[in-house]
Amino acid sequence: MILVTGATGFVGHKIMEVCEGSIAAPSLRNITQEDVNRIIEESDADVIIHTAAISNIGVCEADPDASYFANVQIPLFIARASKGRKLICFSSDQVYSGCGEGGPYLEDTVKPANTYAEHKLEMEQRVLEIDPDAVMLRAEWMYDYNLTRSNYFMNILNAKECVSFSSGQFRGITYLKEVAESMEKVVALPGGVYNFGSETTKSMYDITREFLEVLGKNVKLEDIPAEHNLWMNCDKARRYGVRFRSVTDGLMKCAADYHFI
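Calculation notes
- Residues numbered from 1 in each chain as written.
- Predicted model: local features only at pLDDT ≥ 70, side-chain atom pairs only at ≥ 80, totals over all residues.
- Heavy atoms only, no water.
- 1 Å grid on protein atoms, 1.4 Å probe; cavity = no way out; pocket = protein on both sides within 12 Å on 5 of 7 lines; lining within 4 Å.
- Points joined across faces, edges and corners; volume = space filled by probe spheres on them.
- Helix = DSSP H or I, 4+ residues; strand = E, 2+ residues; numbered from the N terminus.
- Nonpolar A, V, L, I, M, F, W, Y, C, P; charged D, E, K, R; others polar.
- Core = buried A, V, L, I, M, F, W, Y, C linked by side-chain atoms within 4.5 Å.
- Buried < 20%, exposed > 50% of the residue type's maximum accessible area, 1.4 Å probe, protein only.
- Contact = heavy atoms within 4.5 Å.
- Pairing = 2+ DSSP bridges.
- Axes fitted to C-alpha atoms, helices over the stretch in contact; angles between N-to-C directions.
- Parallel < 35°, antiparallel > 145°, perpendicular 65-115°, else oblique.
- Left-handed = near helix turned anticlockwise from the far one by under 90°.
- Arc of directions from axis to C-beta.

Colleague: Would you mind showing me how to read empty space enclosed by the protein here?
Modeller: With a probe scaled to a water molecule rolled over the atoms, the places where space remains empty come into view. Using the criterion set out here, one finds 1 cavity of 30 Å³ or more in the structure. By volume, the largest cavity is sized at about 40 Å³. When residues of the lining of the largest cavity are traced back to their parent elements, those giving at least two are strand 1 (2–5) and helix 2 (33–43). It is helix 2 that contributes the most residues to the lining of the largest cavity, 3 residues altogether. Grouping the amino acids of the lining of the largest cavity by side-chain chemistry returns 7 nonpolar, 1 polar and no charged.

Colleague: Where do I start with the nonpolar core in this structure?
Modeller: For soluble globular proteins, nonpolar side chains are generally found buried alongside one another. Counting 26 residues, the largest nonpolar core has Ile15, Phe90, Leu137, Met183, Val186 and Phe196 as its most contacted members. Those elements that provide at least two residues to this core are strand 1, helix 1 (10–18), strand 3 (47–50), strand 4 (86–92), strand 5 (135–139), helix 7 (176–181), helix 8 (183–187) and strand 9 (192–196). Residues contacting valine 186, with those up to four places away along its chain left out, are Ile88, Val135, Leu137, Phe196 and Val242.

Colleague: Would you mind going over the sheet that holds strand 3 with me for this structure?
Modeller: In space, the 6 strands of this open sheet follow the order 2-1-3-4-5-9, with parallel pairing throughout. The sheet terminates laterally at strand 2 (22–24) and strand 9, the two strands that pair on one side only. Within this sheet the neighbouring strands show an average axis-to-axis angle of 25°, counted without direction. Set on the sheet, helix 5 (residues 115–130) makes contact with strand 4, strand 5 and strand 9; between it and strand 4 the angle comes to about 160°.

Colleague: Please clarify how the packing of helix 2 against helix 4 (residues 64–82) should be interpreted in this entry.
Modeller: Packed helices, taken two at a time, are described by the angle their axes make and the gap between the axes. Across the interface, helix 2 lies against helix 4 with an axial gap of 9 Å and an inter-helix angle of 50°. The angle between the axes of helix 2 and helix 4 places the two elements in the oblique class. In this structure, the crossing between helix 2 and helix 4 has a hand that is right-handed. Packed against helix 2, whose contacting residues are Gln33, Val36, Asn37 and Ile40, the element helix 4 presents Leu76, Phe77, Ile78, Arg80 and Ala81 at the interface. When its residues are assigned to classes, the contact of helix 2 with helix 4 shows 6 nonpolar, 2 polar and 1 charged.

Colleague: Please explain helix 11 (residues 247–257) as it appears in this structure.
Modeller: Think of an α-helix as turning once every 3.6 residues; residues three or four places apart then point the same way. Val247, Thr248, Gly250, Leu251, Cys254 and Ala255 are the residues of helix 11 that are buried. For helix 11, the angular spread of the buried residues around the axis is 165°, confining them to a single face. For helix 11, the secondary structure elements touched by its buried residues are strand 6 (141–143), helix 6 (152–158), strand 8 (173–175), helix 7 and helix 9 (204–215). Positive backbone phi, at 65°, marks histidine 259, one or two positions downstream of helix 11.

Colleague: I would appreciate a short explanation of the side chain of threonine 5 in the present structure.
Modeller: As for its position among the elements, threonine 5 is in strand 1. Judged by its relative accessible area of 3%, threonine 5 is buried.

Colleague: Hey, could you run me through the layout of surface pockets in this one?
Modeller: Approximately 1,200 Å³ is the volume found for the largest pocket. Surrounding the largest pocket, 41 residues form its lining, Thr51, Ala53, Ile54, Ser55 and Arg149 being those nearest its centre. For the lining of the largest pocket, the elements supplying multiple residues, two or more each, are helix 1, helix 4, strand 4, helix 5 and strand 6. With 4 residues, the top contributor of residues to the lining of the largest pocket is helix 4. Among the residues forming the lining of the largest pocket, the class breakdown is 19 nonpolar, 16 polar and 6 charged. Reported here for the second largest pocket is a volume of approximately 200 Å³.

Here is the structure:
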């Protein structure tokens, strides 16, 4: 049995859809340690996948206390209550947002540059102190065909005149369906931190240029200065069988699945 937090969110809903034996945790808003203890005990789950978070960087900057409670304190409640259950927490590639070197980054090269990233990194470290068998997934920007949640795939589909990406920025982006389908192998990972998602050797500008051509969209692509790289080396997870299509192949698969090509 798999208990999924954030089950109505972008990531959680797809895990619920794909993974058999998934049950949804109730809302964790204003939750206490005692509430979490009860939820987990009553769930009878042997795996907990924690996807709930405040992931909007601007919101976290504006209200760091709310970010800390959602992104650090709640995972700590869950870790304390896990009691031998397998705990999987979604972290973020944003922990690399302050790295000056070009990448791709390994798991021990981190430098968060915003409140959200700082809180995610603290979450990883403190949860693993409580539960060394827990798995921290540094997830990339994920996409899917989703009419209610902005993401790379939808941004390109809905583009009318111009889109802007940098030929100097490198970042993996990942098809959400592949994320959900990988959970069976993720559950078997030894405890620790893992870069998690599709890899590429292409810039976001080149990825987008190729994808626009495949979709047949006559949209201007503007090359803008790079802010930072969020470019990860995912060898560690791959050694344990957690594999993703390349960024380009993942986009092609998503477009084919939803009959856009």
